[in-house]
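# Descriptive analysis of the structure
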Amino acid sequence: NDHGGPYAEPHRDAFLPGGAQGRFVQRLARYFQRNVMTWVNAPNCSNATCVNNNSSNNSSSNNSESRMEHVETRGPLSQHELQGQASRVEVWRCLDCSVEPWKTR
């Protein structure tokens, strides 16, 4: 029994394979895309006192004016990265305060 809900898009859902299970998976994906995940082109500085964190740049949902510089993308090296089962690590550096590189997995 399919009741729709806030993530239902009948014009798209009608073409999903898998019936009710396919609709559930698609709606779950929509929930995460709209309510959990945020797309960024670059992360914010991890230094709470950095001027980069207090600028209007951080109010942008896509962070297009971030003052972060991509240093490298590499495999996991630290114990933390290995324990978290990172397959790759992006290293970023703040151009305003030069805080230690910020890492994402």
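For the structure itself, consult the block above.
I will try to describe carefully the structure that is included in this document. (Residues numbered from 1 in each chain as written. Predicted model: local features only at pLDDT ≥ 70, side-chain atom pairs only at ≥ 80, totals over all residues. Heavy atoms only, no water.)

Here the focus is the overall build of the protein. The number of helices and strands found in the protein is 3 helices and 3 strands. The secondary structure elements of the protein, listed N-terminal to C-terminal, are α-α-β-α-β-β. In the protein, buried positions account for 21% of the 105 residues. The long-range fraction of contacts in the protein, counting pairs at least 24 apart against all pairs at least 6 apart in sequence, stands at 33%. When the accessible area of the protein is evaluated, it comes to approximately 7,600 Å², of which 51% is carbon and sulfur surface. (Helix = DSSP H or I, 4+ residues; strand = E, 2+ residues; numbered from the N terminus. Buried < 20%, exposed > 50% of the residue type's maximum accessible area, 1.4 Å probe, protein only. Contact = heavy atoms within 4.5 Å. Areas by Shrake-Rupley, 256 points an atom, 1.4 Å probe, with all protein chains shown as cover.)

A surface patch of nonpolar side chains, amounting to about 660 Å² of accessible area, comprises Phe-24, Val-25, Leu-28, Tyr-31, Phe-32, Val-36 and Met-37. Positionally, Tyr-31 belongs in helix α2 (residues 19-36). (Patch = residues over 30% accessible without salt bridge, like charges linked within 9 Å, V, L, I, M, F, W, Y side chains within 5 Å. Salt bridge = Lys/Arg side-chain N within 4 Å of Asp/Glu carboxyl O.)

Owing to its 3.6 residues per turn, the α-helix brings residues three or four apart onto one side. Helix length check: α2, at 18 residues, gives a terminal C-alpha distance of 25 Å against a target of 26 Å (1.5 Å per residue), a fit within 8%. Every buried residue belonging to α2 is among Gly-22, Arg-27 and Arg-30, and all of these are buried. The arc enclosing the buried residues of α2, seen along the axis, measures out at 125 degrees, which places them on a common side. Away from the buried face of α2 by more than 90 degrees, exposed residues Gln-21 and Phe-24 are located. Contacts made by the buried residues of α2 are with α1 (10-13). (Expected span 1.5 Å × (residues − 1). Arc of directions from axis to C-beta.)

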